[in-house]
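The lines below spell out each chain.
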Amino acid sequence: MTAIHEYSIRTPFLPSHIQIACNGSYAALPYTKASVGVWSLQSLSSSPLQLEGHRKKITCLRFGYKHNPTLLCSAADDFIIVWNIEKGRSAIDTGQQIRGQVIKKGQGYVQYVSFSPSDNLVAACIDKEVIILDSGTERLDTTLEGHTARVNCAEFCPHYQSTVVSVSDDRTFKIWDISNSCLVYQSTIISASPFISLTMDLLNPQFAVGSSDGQLRVYDLTDGNGFRCLHQLDVAKILRKQREAKEQTVNIESPTTISSRPSWQIEQPSDDQSAAVYFDNSSEGSAVLGLHYALRPSGTRSHLSSPKVPAFLQTDDSLVQDLLEKAPMLLVATNNAMLQVNAHSFDVASFIDFQDPLPSESSIEETEKNISVSGSFAFAQAEDIRQVWCLAGSLFQKTVNILKIQHPSCVPTKDKKLTELFSENLHLGASNGRNEGMMDQSEDISSETDSEREITVLSSTPLKTNSLLKAELVPKVKETTPPKKGKLWPSAGTRRTSSTEDQPLTFKNKIKSSGYSDAPRMNMFSPQTNRLKGSASSKNAKSRSASRTIIKEYPMDAEYPTSVKVKLVVSEQPSPSTASRFQMMDKTWL
């Protein structure tokens, strides 16, 4: 992904805290404090179309989805006005005054406005509420209330036109159904930081939310899935890693100093240098200020319907289509950087650092342009589907930079590893004489688009020995244990039977009866009162067992001890023993 600086437009005030607009054909910015200027992106140096009607400072601008007619909504503290750009241009040509349709008066400060997919309704975020207005007349359709803090964004779902998603500083999002006048879903407090950006996916029913702590979350909007979180991306961590890798490459190229002195003797940077470094680190913001789903480049699936393509590739097999089509990209903009994320795998495809100079086409003398820290963004798909227009409002200057984002020619597919696997073993055509016809077909297919690569499933070389395409699912064979001693293996043709087959559950020959069929016992317990103290046989058995144990009492008729049985350590350090004696306690020698 590359970014080219096209033009810079001066604004009457800082554009960092207002909503600027772009639709791929026009760019709308404040021209004076209370008027709007509309520039054509094909001729940015020309004079803009001026729209006058507000008396207070403009806070929000937004284009509609349709291009004929092209509607523009402008909001200030006094009015919310909808303008028809085509009628305004024709009015200028005939010398008439441009008039817009006022749809709301005296509503107060407006944070955000958006159109419905049919351009019939307008959603305006005012403090803690979202009001739904008719874009053709001054009529209030619906009021959505329930957030406990300021509502930052509200968007209509392009797949379900009556569904509205709103995000707020209270760190929650709500999903509304305005046709049934009900709240569909209310999330819990998700993040520690407020939600400040929101965008809808035009291809799939899902939306992305960005927070001020650099977190990106994508949620599902399909029915029956509970509006679950599909993925969460730590944009702040990715930016930190990108800058660390960049610093390492710079340090490798720069000369290094090796010192043998301890760390406390190494000279520290001066106060001016440390203050500059601190300011540079503090300016590295990671808040997600802008989000946009870029459409996938067209033309890939059209090749599959060409008569020159083999018949087995012209089927409606979803696997083949998913491999050959290019994945859409999600653009994530922060204060001084932009990421291009694969919308399917959420892998970072490319990274643009706005601190580096960008190639410029605004003037012949200046080939590079440095962009200051940005505070607001607006995106729109260009006529060339591989390009995206980006408006970046400066945070400290009264300037809006117009950039053109160019997608790389080879965009990663849904499964990058699977594509590399096919690219390793399959290519455009064959290199031998047997497949010359297919090689001609592949050349014709590849000639349709020079910047795109096409693949077929015809292999020109044999697979490698360790190729994954040779992998097979072999069932695991159960290991047989050899028979026990004295038993033979069963002969061929005979069926081996288990030794425990057709046996009771307890695997015993006899099972003790429960006693239900016996006669009842009359005497439950009879103690034995005539038990003898002990017979001679029991005494002999006890003496034999006692002889095998250690004798606790020292026999009086034995000789003095001559062999060491047990050695006791009475001191940790060598010391003389002055006295020792045997003490009898409880008839036990210790």
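So, here is what we can say about the structure in this document. Within each chain, residues carry numbers counting from 1 in the order of the written sequence. Given that the model is predicted, a residue must reach a pLDDT of at least 70 before its local features are reported, and side-chain atom pairs must reach 80 or more before they are shown or counted; all residues, however, enter totals for whole chains, interfaces and linings. The basis for every side-chain value is the complete set of heavy atoms in the structure, and neither hydrogens nor water enter the calculation.

### A short note on the sheet that holds strand β17 (residues 182–186)
Strand pairing in a sheet is mediated by backbone hydrogen bonds. Such pairs are either parallel or antiparallel.
Here's step 1: Two strands pair under a simple rule: DSSP has to find at least two bridges between them. A run of H or I in DSSP becomes a helix once it reaches four residues, and a run of E becomes a strand once it reaches two; helices and strands are each numbered from the N terminus. Spatially, β14-β15-β16-β17 is the arrangement adopted by the 4 strands of the open sheet, whose pairing is antiparallel. With partners counted over all chains shown, the strands left at the sheet margins are β14 (151–156) and β17, one partner each. Across this sheet, the average inter-strand angle for adjacent strands is 25°, counted without regard to direction.
Here's step 2: Pairing of strand β16 (residues 173–177) with β17, which is carried by 4 bridges, proceeds in the antiparallel orientation. When the sheet's bridge partners are listed, K174 is paired in β17 with Q186. Axis definition: a line fitted to C-alpha atoms, over the contacting stretch in the case of helices. Angles run 0 to 180 degrees between N-to-C directions.

### Topic: unusual backbone geometry
Here's step 1: Note that the residue after N68, namely P69, is joined by a cis bond; omega there is 5°.
Here's step 2: Although it is not a glycine, D127 sits at a positive phi angle of roughly 55°.
Here's step 3: Relative to the assigned elements, D127 resides in the loop between β11 (121–126) and β12 (129–134).
Here's step 4: The phi torsion at F227 lies on the positive side, around 50°, for a residue other than glycine.
Here's step 5: Positionally, F227 belongs in the loop between β20 (215–220) and β21 (229–234).

### Notes on the sheet that holds strand β19 (residues 206–211)
Here's step 1: An order of β18-β19-β20-β21 is seen for the 4 strands of this open sheet, with the pairing classed as antiparallel. Of all strands in the sheet, those bounded by a partner on one side alone are β18 (195–200) and β21. Across the sheet, the mean angle from the axis of one strand to that of its neighbour is 20°, orientation sign disregarded.
Here's step 2: Pairing between β18 and β19: 5 bridges, direction antiparallel. Bridging across to β19, M200 finds its partner in F207.

### Here we look at the pairing of strand β7 (residues 71–76)
Here's step 1: Any residue under 20% of the maximum accessible area for its type is buried, any over 50% is exposed, and the rest in between are partly exposed; the area is computed with a 1.4 Å probe on protein chains only. Most of β7 is tucked away, with 6 of its 6 residues classed as buried.
Here's step 2: What you see with β7 is no split at all: L71, C73 and A75 on one side and L72, S74 and A76 on the other are buried throughout.
Here's step 3: As defined by bridge partners, strand β6 (residues 58–63) adjoins β7 across 5 bridges and the pair is classed as antiparallel. Its bridge partner being in β7, R62 is matched across the sheet by C73.
Here's step 4: With 5 bridges joining them, β7 and strand β8 (residues 79–84) adopt antiparallel strand pairing. Within β8, the position partnered with L71 by the bridge is N84.
Here's step 5: Taking the residues between adjacent antiparallel strands as the criterion, β7 and β8 are bridged by 2 residues.

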